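# Structure at a glance
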Amino acid sequence: SYNICSFFLSSSSPHPDRIQLPRNMIENTTNGKRFPWAKNRLPSNVVPLHYDLILQPNLTTTEFAGSVQITVNVIQVTWNIILHSSGLNITKATLTSAGWNQAKPVEVLEYPVHDQIAVVAPDALLVGQNYTLSIDYSSNLSDTYYGFYKVSYKDEHAEKRWLAATQFEPLAARSAFPCFDEPAFKATFLIKIKRDEQHSTLSNMPKNVTIPVAAGIVQDEFSMSLKMSTYLVAFIVANLKNISKETNRTLVSIYAMPQKLGQVEHALDTAVKLLEFYQKYFHIEYPLQKLDLVAIPDFQAGAMENWGLITFRETTLLYDDKTSSAMDKKLVTAVIAHELAHQWFGNLVTMEWWNDLWLNEGFATFMEYIAMERTFPELQTDEEFLKLRFKTMMKDSLNASRPISSAVQSSEQIEEMFDTVASLLLMLKKYIKHDSFQAGIENYLHNHSYGSTRSDDLWDSMNEVTILDILSLGFCMIECLCVLQITNGTLDVKKLMKTWILQKGFPLVTVKRKGKSLYVQQERFLRSVESENWTSDASYLWHIPLSYTTSNCSSFLCPYAYLLDQKSATIELQEEVKWVKFNVDMNGYYIVHYAEDDWNTLINLLRTDPIALSTKDRAHLINNIFSLVGIGKVSLLKAFHLLDYLENENHTAPISQALFQLNLIYDLVEKRGMQNLAARVLLGSKIDQQTWTDNGTLSEREFRSTVLAFACSHHLGNCGTTATELFKEWKASNGTKSLPTDVMKTVFTAGAKTDDGWEFLLSMYTSSVSEAEKHKMLEALASTEDVRKLIWLMQTSLEGDLIRAQELSHIIATVSQSLPGHLLAWDFVKENWEKLIRKFHLGSFAIQNIVTVSTFQFSTEAHLLEVKTFFESKSEKISQLRCVKEAIETIQLNIKWMERNLAALQQWL
């Protein structure tokens, strides 16, 4: 637990840290002495002000030496300075004060269980005084993706080289230098790096000077940083090339391997435009002189927002005109938008502790979509945001979910926190009006710049600017009077949003229409494995900004709004209507269920007049009805009946959502020998209409890519034949013939079905310098049904030489989708579990993903028992991982789904 012990001090106890505690409450250190602190979190009696850090990594021996001088200020008298250190060999430690004649040696106690060290002072450290703690140490560069780690790569001459880079979020700065490794302990940093002359270095701040220090060795010294958290510190030692552009006195640079410098132009243009947008939107200038975006050749995450030195996986920063698709372009733009938003949300203003990580991630995700919508409207990112909301709802509807703001301590718990906040922020923005929302954000950033915050700080900032004005409320119009939470003449945002932040899950709103009356009722939406008569926990109550439209709605008045802050309410319409549709454009974070007659009316509306509803509303109805099938509220046949309108659908969002839902079902029933589900989807004419080109708007291109990928994977129409012919032509040209980028993956997948095609694709993969192209090739290679090839791919990626280990979770996900591969993937995970958690560390996104994708298609009691037994046999820590709980719950839900719907599915087929 968080509070391991409490210190009860009597008034006669002069020295708090020297108080005698019960023997079982303080653990022994590595040298057998008692450690003077028993909590996981650091004490607040000493705070860091500044770090002078010198590092010397050796890329030949893969070791590094370091020395750090930490200036600290004493808040409360103490004899100990408690800070973090992990895996560091400390060789010398001294303490200096202005009142002392010279530095004094100090004893260092190590407590590895909490990654903590205690520096035992020779004299009492006095309140208000500054002291300088100096520590010399050494360690090895990590062979994981965490901390200060090494990366091998091939240079432009195909020679193997090494670089060193950092990934400190959440708790790994302590493995590179002793520090106060909690986000609230902000300080300034002066970093110096000693290196071989042939290498170059980057850090958060611009380089000031380079001086020779020994034969062949130089030292780079960087400017002093702004006040920031340790997890945002970064440095890289490598041989990279860059292109740069200045905007508003900030030099923006994109760094990559020399042979890939031709793929960075799009990233540079995008970063400059987005940086300019954010500065105008927040009315706060980016505070650093430079902003570097660096493509790392082996990188576990998508990107990391280190202040002034953002690191990326190559696929999320590099864009190649010849091999990158429309969706690749959207991905690169989105990741850059996300990481640049972090320069304000996370870097300038940081959450006080990881339980409020959503203050960083939720806002960065939300602003990513706002920035793209404003800066790159042609990318049509609103549909991507819709998909994100659908995806997060799937996880949030599990019993294993937890509140957005949750108590966390360990690295595993921190990294398992995913956020639904972007969806909630959209709902709030639509409710209170964009100008008020934007002003609230500005207020928050201005009030807390260079500081640390809790969730209440955000809502307080919102409340300061949210003045009640019915006519200006985002979607609240004349038809209804919104029931508002009002405190002293303002909308109480804090009261509203706490119902979403502090309780897990989200609501199901049931609508029953009778004449001019709409009866609405809320309960928790939960995909429960309990019996059919299970009822929602009555304690759950959200304050839901409902939105709705009707058959009689004019564009001036619509949509209408109503704040449902009770279990149920009645909304009175001015007149009777033919139909009503709630959660307009799915701007609210809730699922809607209708009475039988109203479902039938909406299904008929889709068939006769689909454009009466927006594209997003049509996608939302598809998502809602299949979600309700999952909890037994609606029959599967009714959901399929709704899909009958798809032959008249020409937009990506509804088609994508329909195919996503059908693929979920197909993945289950395929393993039961029912492989003709896809043929029942009415897409025949749409498949035939698609051209194998990159022509059209981005939406049309995505539509083509989605439909053809589905058609080829399910052997519909002439898709497979066309794809195979295109692959043969490409192969005959030895890979020089240009393929349409939007269908390239589908063509590669068709070609990989033969031994000859697979081997050729593998050879092209090893020689390609386009990460976008390699990504498509790898997915095609992992789509083969040859069991030996699948095993080889997974094993080779785990080894990380020919195929990088960063690709492994994606390979396992692709392998697990096929009938021969889904059992192989799970067997591979079981057999290599210890290697996997050593390489990716427990709780990392890679491990979460691997656990999920290797188990989510199981739907039998035998597999449920096997998965539970495997994880329980490891350790309590592993069995209690959230991703493990979610995996087990998903299998239980799959079993329940099959019991409930298999007969109906066979009837439909």
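Since the model is a prediction, treat every value here as computed from it, not as a measurement.

## Some words on the UniProt feature "active site" (unreviewed entry) in the chain
The sites that UniProt annotates as "active site" (unreviewed entry) are E339. Topologically, E339 is positioned in helix α2 (residues 326–342). Judged by relative accessible area, which is 6%, E339 ranks as buried. Excluding residues that lie within four positions of it along the chain, E339 makes contacts with A303, M304, E305, I310 and F312.

## Points about the packing of helix α21 (residues 808–815) against helix α22 (residues 821–831)
Contact pair α21 / α22: the axes reach a minimum separation of 8 Å and the direction vectors enclose 145°. Residues L808, I812 and V815 of α21 form the contact with α22, whose own contacting residues are G821, H822, A825, F828 and V829. The residue inventory of the contact of α21 with α22, partitioned by class, reads six nonpolar, two polar and no charged.

## Description of the layout of surface pockets
Quantified by volume, the second largest pocket comes out at close to 1200 Å³. Among the secondary structure elements, those contributing two or more residues to the lining of the second largest pocket are α5 (411–415), α23 (833–840) and α27 (882–908). It is α5 that provides the largest number of residues to the lining of the second largest pocket, a total of three residues. Counted by class, the lining of the second largest pocket contains 11 nonpolar, 15 polar and 10 charged residues.

## Here we look at the state of the cysteines
According to the stated counting rule, one finds two disulfides in the structure shown. What pairs with C712 in a disulfide is C719, and their sulfur atoms sit 1.9 Å apart. In this structure the cystine formed by C712 and C719 twists about its S-S bond by roughly -90°; its chirality is therefore left-handed. For the pair shown, C712 and C719 are each scored as buried.

## Digging into the packing of aromatic side chains
With the rule as written, the count across this model stands at 47 aromatic pairs. Arranged with centres 5.8 Å apart and planes meeting at 75°, the rings of F168 and F235 form a pair that is edge-to-face. With F168 in the loop between β10 (160–167) and β11 (188–196) and F235 in strand β15 (residues 235–238), the pair connects residues that are 67 residues apart, well separated along the chain. Residue F168 is classed as buried on the basis of its relative accessible area of 0%. Judged by relative accessible area, F235 falls into the buried class, the value being 0%. Measuring from ring centre to ring centre gives 6.2 Å for W500 and W542, while their planes differ by 45°; the resulting arrangement is tilted.

## Some words on the pattern of salt bridges
For side chains bearing opposite charge, pairing can occur when the charged atoms are close. Under the criterion given, the structure shown has 41 salt bridges. Here D123 ties to K104 by a salt bridge, and the two come within 3.0 Å at their closest N and O atoms. Placement of the pair is D123 in strand β7 (residues 116–125) and K104 in strand β5 (residues 104–105), with a sequence separation of 19 residues. Looking at D123, the relative accessible area reads 34%, which means it is partly exposed. Accessibility expressed as a relative area gives 25% for K104, which makes it partly exposed. A salt bridge links E886 to K395; the nearest nitrogen and oxygen atoms lie 3.5 Å apart. Placement of E886 in helix α27 and of K395 in helix α4 (residues 382–396) is noted, with a sequence separation of 491 residues between them.

## Let's talk about helix α12 (residues 636–643)
When you tally the buried positions in α12, you get six out of eight residues, the bulk of the element. Listing the buried residues of α12 in full gives L636, K638, A639, F640, L642 and L643. Of the surrounding elements, those touching the buried residues of α12 are α10 (596–608), α11 (615–630), α13 (652–669) and α27.

## Notes on the nonpolar core
Soluble, globular proteins show a tendency: their nonpolar side chains are buried together. Judged by nonpolar contacts, the single largest core of 299 residues is most densely connected at F177, Y278, M367 and F582. When residues of this core are assigned to their parent elements, the largest contribution, 11 residues, is made by α27. Every residue in contact with F177, bar those within four places of it in the chain, is listed here: Y51, L53, H84, L88, Y137, F168, F189 and V233.

## Observations regarding the sheet that holds strand β3 (residues 78–84)
Read across the sheet, three strands follow the order β3-β7-β6 without closing on themselves; strand pairing throughout is antiparallel. A single partner strand is all that each edge strand has here, and the edge strands are β3 and β6 (107–111). Strand-to-strand twist of the sheet, defined as the mean angle between neighbouring strand axes without regard to direction, takes the value 25°.

Analysis parameters
- Along each chain, numbering runs from 1 in the same order as the chain's sequence is written.
- Under the rules for a predicted model, residues below a pLDDT of 70 receive no local features and side-chain atom pairs below 80 are neither given nor counted, while totals for whole chains, interfaces and linings still include all residues.
- As a convention, hydrogens and water are excluded, and side-chain values are obtained from all of the structure's heavy atoms.
- UniProt positions are given in the numbering used here, feature names are shortened, and annotations may be inferred rather than shown by experiment.
- In this description a helix means any DSSP run of H or I spanning at least four residues, a strand means any run of E spanning at least two, and both kinds are numbered starting from the N terminus.
- Burial status follows relative accessibility: with a 1.4 Å probe on protein chains alone, a residue under 20% of its type maximum counts as buried, one over 50% as exposed, and anything between as partly exposed.
- Here, residues are in contact when the closest pair of their heavy atoms is within 4.5 Å.
- Every angle, taken between N-to-C directions, lies between 0 and 180 degrees, and every axis is a line fitted to C-alpha atoms, over only the stretch in contact when it is a helix.
- Residue polarity is assigned by list, with Asp, Glu, Lys and Arg as charged and Ala, Val, Leu, Ile, Met, Phe, Trp, Tyr, Cys and Pro as nonpolar; anything else, Gly included, falls into the polar class.
- Computed over the protein atoms alone on a 1 Å grid, cavities are sets of points where a 1.4 Å probe fits but cannot get out and pockets are open sets with protein on both sides within 12 Å along at least five of seven lines; a residue lines them when it has an atom within 4 Å of a point.
- Grid points are joined across faces, edges and corners, and a volume is the space filled by probe spheres set on the points.
- By definition, disulfides here are pairs of cysteine sulfur atoms that lie within 2.5 Å.
- Planes of paired rings set the category: under 30 degrees apart is stacked, over 60 is edge-to-face and the rest tilted, where pairs are Phe, Tyr or Trp rings (Trp by its six-membered ring) whose centres lie within 6.5 Å.
- Throughout this description, the term salt bridge denotes a Lys or Arg side-chain nitrogen within 4 Å of a carboxyl oxygen of Asp or Glu.
- Nonpolar core, defined: a set of buried Ala, Val, Leu, Ile, Met, Phe, Trp, Tyr and Cys residues in which side-chain atoms within 4.5 Å join the residues together.
- Pairs of strands are assigned from DSSP output, requiring at least two bridges between the strands.

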